[in-house]
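Analysis of the macromolecular model
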Amino acid sequence: MQSLRDDAVVVVGGSGAVGRMFVELLRGDGSAVTVVDVRDASSGRTSPVTIGDITAPDEPIQLLLRQATTVILAVPESVALAADLSALGPDALLVETLSVKSGFARHLDATDRLGATVGVNPMFAPSLGMTGRPVAAVVHREGLPVHAFLDSIARWGGRVVLVDAERHDRLAAATQALTHASVLAFGLALAELDLPFVDIDAVAPPPHTTMLAVLARITGGEPEVYWDVQAGNPYASEARAALVRSANTLAETVESGSEAEFGRLLNQAEAALGASGDRYRAVCAEMFGIVRGSGGDR
C-alpha cells in the first residue's frame, strides 16, 4: 500500500502535538483527515476542528466514526480507555499513540468488537520530525490495515520497532522514565547546590552543558507528558528505584576511598552499552563538537 489516500481518517486529539504530526503526514499523502477534539487549540494549523468528546460522542461524532476507515487516538490513557468506539466499523483500523501500552492491551482483551488495532509511540518530540527516528509499535490485533499503517510510518521516514505491550513498557521505563528521572534529579541537585547560574554557565564543560540543554527541554515541556511517563508506566518505579540504588552505590564507593572499586563501577556501567561503547563514544564526540564555548569533555 503506497499511501492512506483512500482512507477517511479521524484523528481524535488532533490539536495536540502528536495528533498534529499525524494529521500533517496523512494530509501530505492526500488522505481525507478530520480532526476531533474537545476544544480547538490548533491555532489554525489543523483546522477545521470538529468539537466533540470521544468518551460521550454525539451523533455527528458517531457518524464520523461509522464512516472512518482509520481512527487515531492521540489522547491521554484515561481518555483512550474511556473512549466510546461503538460506532466504529468492524473493518476500521484503530491506532493508539499512548506512552504506556499494557493497560490498553488489557482493555482490548475485554472486548472482541474492535478489529485491527495497533499502538504506536513516537520516541521523540513531534517537533523534531519523524525522519530517521524510532517509532515503537505494538500490534494489538492483526490485520492488513495495521501493516499498511506501519508501512506508511516507514515511508514517512520513521524507523518502526515492533515489540509486544509488556516489552514496550519495560523499554519505555528504561529509555524514557529513567532518563527523565535522571535529568530531573540532576536539575534538583543543581538547584540545591545553590550556585549562581552565571558562574555555572561560564565554566560548564560539554557534558554539563548537554545535561543543562536536556534539562531545559524537559522542564520547558508539558508537565502532563512527563507525568504520564513516570506515573502511568507500571515499570517506571522500578527504574527510579534502580537510579536511587545506583546513586547510593556510587556515593558509598567514593566515600570508601577505593579507586579500584570505582574502576569496577565504571566497567559495570559500560557493560550497559553492550558492544556499542565505541559507537556511542563517537556519537558523544560529535555531540560535543556542536557544544561550543565550553571546556574539555570532563
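The rules behind each value
Residues numbered from 1 in each chain as written. Predicted model: local features only at pLDDT ≥ 70, side-chain atom pairs only at ≥ 80, totals over all residues. Heavy atoms only, no water. pLDDT = per-residue confidence, 0-100. Contact = heavy atoms within 4.5 Å. Phe/Tyr/Trp six-rings, centres within 6.5 Å; stacked < 30°, edge-to-face > 60°. Helix = DSSP H or I, 4+ residues; strand = E, 2+ residues; numbered from the N terminus. Buried < 20%, exposed > 50% of the residue type's maximum accessible area, 1.4 Å probe, protein only. Expected span 1.5 Å × (residues − 1). Bend = angle between axes of the 7 residues up to and from the residue. Polar contact = N/O pair within 3.5 Å; in protein donor to acceptor, adjacent residues only side chain to side chain. Axes fitted to C-alpha atoms, helices over the stretch in contact; angles between N-to-C directions. Parallel < 35°, antiparallel > 145°, perpendicular 65-115°, else oblique. Nonpolar A, V, L, I, M, F, W, Y, C, P; charged D, E, K, R; others polar. Patch = residues over 30% accessible without salt bridge, like charges linked within 9 Å, V, L, I, M, F, W, Y side chains within 5 Å. Areas by Shrake-Rupley, 256 points an atom, 1.4 Å probe, with all protein chains shown as cover. Salt bridge = Lys/Arg side-chain N within 4 Å of Asp/Glu carboxyl O.

**A few points about the confidence of the model for the protein**
Close inspection of predicted coordinates is inappropriate in any region flagged by low pLDDT. When pLDDT is averaged across the protein, the result is 92; 93% of the residues are at 70 or more. For residues 1-5, every residue scores under 50 in pLDDT, and the model assigns this stretch 14 contacts once sequence neighbours within four places are set aside.

**Some thoughts on the packing of aromatic side chains**
As enumerated under the stated definition, the model contains three aromatic pairs in all. Residues F22 and F149 carry aromatic rings whose centres are separated by 6.0 Å and whose planes lie at 35° to one another, so their mutual orientation is tilted. Of this pair, F22 sits in helix α1 (residues 17-28) while F149 is found in helix α5 (residues 144-155), placing the two residues 127 residues apart along the sequence. Of the two residues, F22 and F149, neither departs from the other in class, the shared state being buried. Both rings, one in F149 and one in W156, keep their centres 6.2 Å apart while their planes meet at 90°; by these two values the pair is edge-to-face. Here F149 matches W156 in class, with each residue buried. Each residue in the set F22, F149 and W156 is aromatic and connected to the rest through ring pairs, giving one cluster.

**Details of helix α6 (residues 165-193)**
In this model α6 runs 40 Å from its N-terminal to its C-terminal C-alpha over 29 residues, within 8% of the 42 Å that 1.5 Å per residue would give. Of all the bends in α6, the largest measures some 35° and sits at A173. For α6, the side-chain oxygen to backbone nitrogen distance between the N-cap and E166 is 3.4 Å, and the N-cap itself is D164. Where α6 ends, the next residue or the one after it, D194, has phi of about 55°, a positive value.

**With respect to the packing of α6 against helix α8 (residues 206-219)**
If you want to describe how two helices pack, look at the angle between their axes and the distance between the axes. Running from amino to carboxyl end, α6 crosses α8 at an angle of 105°, the nearest separation of the two axes being 9 Å. The angle between α6 and α8 places the two elements in the roughly perpendicular class. Taken together, the residues of α8 that come into contact with α6 (itself represented by H180, V183, L184, F186, G187 and L190) are H208, M211, L212, V214, L215, I218 and T219. Class assignment for the residues of the contact of α6 with α8 results in nine nonpolar, four polar and no charged.

**What to know about a nonpolar patch on the surface**
Together, L250, V254, F262 and L266 make up a nonpolar patch on the protein surface, roughly 350 Å² of accessible area in all. When contributions to the nonpolar patch are tallied by element, the ones reaching two or more residues are α10 (236-256) and α11 (259-270). Examined against the element boundaries, F262 turns out to sit in helix α11. Taking the relative accessible area as the measure of exposure, F262 reaches 33% and is therefore partly exposed.

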